[in-house]
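# Observations on the three-dimensional arrangement
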Amino acid sequence: MTHPPSFAKLSLLLGLTLALLCGTAHADVTEAEAIEAQLGSALASADFAAKNCPNLVINDDKVQELLKRIKKTAADLRAGEDYEDQDKVVQQLNKQQGRAMICMVLPSAHGGYARGVIQKK
């Protein structure tokens with residue numbers, strides 16, 4: 001019999017996935033590139049949260065502040081690889097763990113520049 005993963009395991013899995021997708025593994029990554037990668041990923045999670053998590057809210061002021069810093073639009077980031085990769089992860093976790101579990105971990109799933117983009121109401 002397979003037991004569902006605990007909240008801690010799911011949080012760790014999501015955190016590790018995000019770290020791999022959003023990490024700044026190269027020393028030559030600029031601040032703007034780091035913001036773009038982290039915010040692109042967070043926007044995919046935020047879009048899921050907006051549609052599926054009534055207990056969460058998106059901090060639009062934070063999103064706009066970061067977009068201004070990198071001189072990009074939300075549409076630019078939604079068309080990017082970081083958004084696409086995170087969207088795939090969230091959709092897969094949704095299939096495996098369910099919406100409630102994802103909604104529980106999303107507020108703490110994104111760190112760095114994107115910390116606080118998704119918040120509990």
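Residues numbered from 1 in each chain as written. Predicted model: local features only at pLDDT ≥ 70, side-chain atom pairs only at ≥ 80, totals over all residues. Heavy atoms only, no water.

For soluble globular proteins, the rule of thumb is that nonpolar side chains tend to be buried together. Formed by 28 residues in total, the largest nonpolar core has its most connected members in L39, L106, V117 and I118. Taken together, the elements giving at least two residues each to this core come down to helix 2 (31-52), strand 1 (56-58), helix 3 (60-70), helix 4 (74-78), helix 5 (81-97) and helix 6 (99-109). The dominant element in this core, judged by the number of residues it contributes, is helix 2, at 8 residues. (Core = buried A, V, L, I, M, F, W, Y, C linked by side-chain atoms within 4.5 Å. Buried < 20%, exposed > 50% of the residue type's maximum accessible area, 1.4 Å probe, protein only. Helix = DSSP H or I, 4+ residues; strand = E, 2+ residues; numbered from the N terminus.)

The next thing to look at is helix 2. The end-to-end C-alpha distance of helix 2, which contains 22 residues, comes to 31 Å, matching closely the 32 Å that a straight helix rising 1.5 Å per residue would cover. In terms of burial, helix 2 is largely enclosed, as 16 of its 22 residues are buried. (Expected span 1.5 Å × (residues − 1).)

Under the defined criterion, the tally for this structure stands at 4 salt bridges. The salt bridge involving D47 is made with R78; its shortest N-O contact spans 2.8 Å. Of this pair, D47 sits in helix 2 while R78 sits in helix 4, placing them 31 residues apart in sequence. Here E84 ties to K88 by a salt bridge, and the two come within 3.3 Å at their closest N and O atoms. With E84 and K88 both in helix 5 and 4 residues apart, the pair spans about one turn of that helix. Taking relative accessible area as the criterion, E84 reaches 41% and is therefore assigned partly exposed. (Salt bridge = Lys/Arg side-chain N within 4 Å of Asp/Glu carboxyl O.)

A few words now on the state of the cysteines. For the structure shown, the criterion picks out 1 disulfide. What pairs with C53 in a disulfide is C103, and their sulfur atoms sit 1.9 Å apart. Across the S-S bond linking C53 and C103, the dihedral sits near -75°, which makes this disulfide left-handed. Placement of C53 in the loop between helix 2 and strand 1 and of C103 in helix 6 is noted, with a sequence separation of 50 residues between them. Residue C53 shares its accessibility class with C103, and that shared class is buried. (Disulfide = S-S within 2.5 Å.)

Geometric values such as these leave the question of function open.
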